[in-house]
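Here is what each chain is made of, one letter per residue.
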Amino acid sequence: MFPDIIDTKPLRRAVDDALTWVVRHWGGAFEAGAHPLLMLLKGIENLLIATPWWLIIAILVGIAWLSTRNWKLPTVVFFALIFLGVMDLWEDAMATMALMIAATLTAIVIAIPVGVWMSRSINVRKSITPLLDLMQTLPSFVYLIPTVMIFGPGKIPALIATIIYASPPLVRLTDLGLRSVDPAVMEASRAFGTNPRQRLLGVQIPLALPTILAGVNQTTMMALSMVVIASMIGAGGLGYQVLQGIGRLEVSRGLFAGLGIVALAIIFDRVTQAFGKQLQARIGLAEAR
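Residues numbered from 1 in each chain as written. Predicted model: local features only at pLDDT ≥ 70, side-chain atom pairs only at ≥ 80, totals over all residues. Heavy atoms only, no water.

Engineer: What is the right way to look at the nonpolar core in this model?
Structural biologist: Note that soluble globular proteins tend to have their nonpolar side chains buried in a common cluster. If you look at the biggest cluster of nonpolar residues, it comprises 63 residues, and the most contacted ones within it are Val77, Leu81, Met97 and Leu264. Of all the elements, helix α4 (residues 90-120) adds the most residues to this core, at 12 residues. What Met97 contacts, discounting residues up to four positions off in sequence, is Leu48, Leu60, Leu264 and Phe268. Ranked by size, the runner-up nonpolar core spans 6 residues in total, among them Ala34, Leu38, Ile150 and Ile160. (Core = buried A, V, L, I, M, F, W, Y, C linked by side-chain atoms within 4.5 Å. Buried < 20%, exposed > 50% of the residue type's maximum accessible area, 1.4 Å probe, protein only. Helix = DSSP H or I, 4+ residues; strand = E, 2+ residues; numbered from the N terminus. Contact = heavy atoms within 4.5 Å.)

This is the structure in structure tokens:
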């Protein structure tokens, strides 16, 4: 056994007492601050559930066709959505999709400005990179402990944990995309007398958009990968069906719900990748396929 050099019990007790103090004195403020996130999630979920199934299928198939201009991907999207309906997973799939969309939208609002900030300052990049490493490597269950203590079981801690887990790829790829813009192009834009804001919005972001969209793709996939863990604290959706399959030892329930998660992953992964290839082709970074 490793020798007991120091007694860690006081340190652990201090951490637990600090979190308890935060919950007691600031719990209400945190709940009020997170209320817009809850309204966003509920609004998206209610909209998806209230929308007729055939209209959602038509919209997603149409988006898939616009992203590729051929019928291979739309056919895959169509049959994936039909599978969700036939297996009686439609409502759970809409709840899962709502959580993923809400987490992705919130991550975009937070991560892209942070990525822009990192691309403009080496010191900021050095400070934030270790935090991103921690967010990506720390087990996602650890996020759930403080969020559940503050907000209680429900959709809000699940959404917050998903945002924390899914944001780092978008921050990193936004920073990488902006720093990868050709210096000659930036020098030419300076020669035309543009200010930093004009260079950012008119030159850097358009050229870095395929890389940023790849970050959105990764964020979406990571948000979707959290659905089973999030279901443990009340997020519901397909993850809850998998959890029930584990608890009741129902192989069919867990299998079909898992395949439903795969179907959603295929839809959003292929569509976002296709849009990224379109952008690359338009700005000359890759040949159109």
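From this point, the narrative continues.
Engineer: In this structure, what is going on with the packing of aromatic side chains? I would like to understand it.
Structural biologist: Aromatic ring pairs are defined here through the distance separating the ring centres and the angle between the ring planes. Here the structure, examined in full by the defined rule, presents 2 aromatic pairs. When the centroid spacing of 5.9 Å and the interplanar angle of 35 degrees are considered together, the rings of Trp65 and Trp71 count as tilted. We classify Trp65 as partly exposed; its relative accessible area is 28%. When the centroid spacing of 5.4 Å and the interplanar angle of 80 degrees are considered together, the rings of Phe78 and Phe79 count as edge-to-face. For Phe78, a relative accessible area of 34% corresponds to the partly exposed category. For Phe79, a relative accessible area of 55% corresponds to the exposed category. (Phe/Tyr/Trp six-rings, centres within 6.5 Å; stacked < 30°, edge-to-face > 60°.)

Engineer: Sorry, what's going on with a nonpolar patch on the surface here?
Structural biologist: Together, Val86, Met87, Val251, Leu255, Phe256 and Leu259 make up a nonpolar patch on the protein surface, roughly 530 Å² of accessible area in all. With 4 residues, helix α12 (residues 251-282) is the single largest residue contributor to the nonpolar patch. Structurally, the position occupied by Val86 is in helix α3 (residues 72-86). In this structure Val86 comes out as exposed when scored by relative accessible area, which is 60%. (Patch = residues over 30% accessible without salt bridge, like charges linked within 9 Å, V, L, I, M, F, W, Y side chains within 5 Å. Areas by Shrake-Rupley, 256 points an atom, 1.4 Å probe, with all protein chains shown as cover. Salt bridge = Lys/Arg side-chain N within 4 Å of Asp/Glu carboxyl O.)

Engineer: Can you help me understand the pattern of salt bridges in this one?
Structural biologist: Counted by the stated rule, this structure contains 8 salt bridges. A salt bridge links Asp175 to Arg125; its shortest N-O distance comes to 3.5 Å. Here Asp175 is found in helix α7 (residues 155-179), whereas its partner Arg125 is found in helix α5 (residues 122-137), with 50 residues between them in sequence. Note that Asp269 and Arg270 form a salt bridge whose closest N and O atoms lie 2.4 Å from each other. On the basis of relative accessible area, Asp269 is assigned to the buried category, the value being 12%. Salt bridges here are not isolated pairs; linked through shared partners, they connect Arg125, Asp175 and Arg179.

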